[in-house]
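Tertiary structure, described
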Amino acid sequence: MGIESAFGEGYVTTTVDALANWARKNSVWPMPMGLSCCGIELMAFAGPRYDVSRFGSEVFRFSPRQADLLLVAGTCTYKMSKVVRKIWDQMPDPKWCIAMGACASTGGMFRSYPVAQGIDEFLPVDVYVPGCPPRPDAVLNALMQIQEKINQHSVLMDK
Amino acid sequence: MPSFDETLSRLQTELAGRILKTDLHRGETTLFLDKKDLVSVCQTLKSGYGFNFLADVLGTDRFTDDDRYEVVYHLRNFSESGFLRLVVRVDEADLTVDSVCGVWKTANWEEREVFDMYGIRFNNHPDLRRMYMPQDFAYHPLRKEFPLIGIEGSIPLPAKE
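Residues numbered from 1 in each chain as written. Chains lettered and ligands numbered in written order. Predicted model: local features only at pLDDT ≥ 70, side-chain atom pairs only at ≥ 80, totals over all residues. Heavy atoms only, no water.

1. Remarks on the overall build of chain B
- Scanning chain B from terminus to terminus reveals 3 helices and 7 strands.
- Ordering the α and β elements of chain B from the N terminus gives α-β-β-α-β-β-β-β-α-β.
- Overall, the C-alpha framework of chain B stretches about 70 × 30 × 30 Å when taken along its three principal axes.
- Going through the 161 residues of chain B one by one, you find that 47% of them count as buried.
- Taking the contacts inside chain B whose residues are at least 6 apart along the sequence as the reference set, 50% of them involve residues at least 24 apart.
- Surface accessibility of chain B: about 8,700 Å² in total, with carbon and sulfur atoms responsible for 49%.
- Taking the 20 positively charged and 27 negatively charged side chains of chain B as two groups, their mean positions are separated by 2 Å. (Helix = DSSP H or I, 4+ residues; strand = E, 2+ residues; numbered from the N terminus. Buried < 20%, exposed > 50% of the residue type's maximum accessible area, 1.4 Å probe, protein only. Contact = heavy atoms within 4.5 Å. Areas by Shrake-Rupley, 256 points an atom, 1.4 Å probe, with all protein chains shown as cover. Lys, Arg positive; Asp, Glu negative; His and termini not counted. Charge placed at Lys NZ, Arg CZ, Asp CG, Glu CD.)

2. Overview of the overall build of chain A
- Across its full length, chain A holds 6 helices and 4 strands.
- When its helices and strands are written in sequence order, chain A yields α-α-β-α-β-α-β-α-β-α.
- Summarising its shape, the C-alpha atoms of chain A cover approximately 65 × 35 × 25 Å along the three principal directions.
- For chain A, the proportion of its 159 residues judged to be buried stands at 45%.
- Within chain A, counting contacts between residues at least 6 apart in sequence, those at least 24 apart form 76% of the total.
- For chain A, the exposed area adds up to about 8,400 Å²; of that, 59% sits on carbon and sulfur atoms.
- Across chain A, the mean location of the 15 positive side-chain charges is 11 Å away from that of the 15 negative side-chain charges.

3. Details of the interface of chain B and chain A
- Taken together, the contacts link 18 residues of chain B with 15 residues of chain A.
- Scanning the region where chain B abuts chain A turns up 5 residue pairs in polar contact (both at pLDDT 80 or more). (Polar contact = N/O pair within 3.5 Å; in protein donor to acceptor, adjacent residues only side chain to side chain.)

4. Regarding the sheet that holds strand E4 (residues 69–77) of chain B
Residues and elements named next belong to chain B.
- In space, the 5 strands of this open sheet follow the order E1-E2-E5-E4-E3, with mixed pairing throughout. Only two strands of the sheet have a single partner each, and these edge strands are strand E1 (19–25) and strand E3 (53–61). Within the sheet, the average angular offset between the axes of one strand and its neighbour, ignoring direction, is 20°.
- Pairing geometry for strand E2 (residues 28–33) and strand E5 (residues 82–90), over 5 bridges, is parallel. Within E5, the residue paired with Phe32 across the bridge is Val87.
- Sheet strands touched by helix H3 (residues 107–118): E3 and E4. Its angle to E3, the strand with the most contacts, is close to 5°. (Pairing = 2+ DSSP bridges. Axes fitted to C-alpha atoms, helices over the stretch in contact; angles between N-to-C directions.)

5. Quick look at the confidence of the model for chain B
- Per-residue pLDDT for chain B averages 91, and the proportion of residues at 70 or more is 99%.
- This complex was scored by the predictor with a pTM of 0.83 and an ipTM of 0.77. (pLDDT = per-residue confidence, 0-100.)

Below, the structure is given as structure tokens:
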């Protein structure tokens with residue numbers, strides 16, 4: 001079939017994009033940014049019952065330089081926003097961001113002077129997860145959407 | 001060992017000249033003091049009446065024309081399981097209270113919090129910086145006139161790119 005028949009057995013052909021995206025989407029290493037109670041649900045997401053390692057994301061990196069995904073879980077205050085942004089800036093491209101929970105997405109119930117009304121005021125968020133806190137399965141679903149998004153990526157065409 | 005009720009009545013008679021008003025509510029005694037007497041009364045309470053722990057310092061904004069703010073001190077006497085509340089009133093014209101850091105060291109951060117939230121300055125405080133809000137923040141958020149959502153642009157966010 002096609003060019004593979006010319007090489008003989010043991011060869012498959014694919015595109016660079018498909019290969020790179022396959023590798024990338026199954027090894028999304030998260031940087032856990034547990035800012036409040038959502039961080040507990042984030043641990044359940046990583047733990048054996050919900051088991052994020054089924055999706056290749058079990059390697060939580062506490063160094064932003066080794067992470068692909070910033071998982072902001074919880075209430076982000078104005079004071080903390082500078083730290084979150086700095087961690088985001090330290091992560092190498094390509095990178096993605098999940099706003100986990102009502103607070104990270106919109107400020108949630110903290111409509112008050114110290115809390116940033118959503119991390120999207122200073123970060124490019126890819127997926128928002130509603131809930132207070134969201135169930136671990138909702139976070140898994142967000143991760144799957146990130147994987148979908150990675151699949152749309154072109155290694156050669158996009159930055 | 002004297003019971004705490006005896007200690008309370010003893011201190012009320014002995015300090016009578018420096019107590020403006022006494023309030024008893026649900027078994028808790030509150031003493032209203034003039035702010036110039038605060039530190040000397042605290043020293044006496046610690047050394048003579050066993051109040052070895054300052055549990056809390058807080059502020060209140062009563063939003064009145066005179067004596068607008070209050071600084072409230074919660075004291076505990078561990079050996080007699082006692083509780084006492086001190087209140088000093090502060091007028092907007094002179095937003096200062098003497099610090100009790102020299103009596104109880106724990107007052108340091110508590111007074112910084114009151115300063116941060118209400119703008120009441122504590123004389124002789126060793127390190128009167130804001131406790132929670134950014135150092136360059138221009139407002140005192142628990143004052144009644146401060147809007148709950150804050151003032152837009154008063155705390156800059158990082159640029160989104």
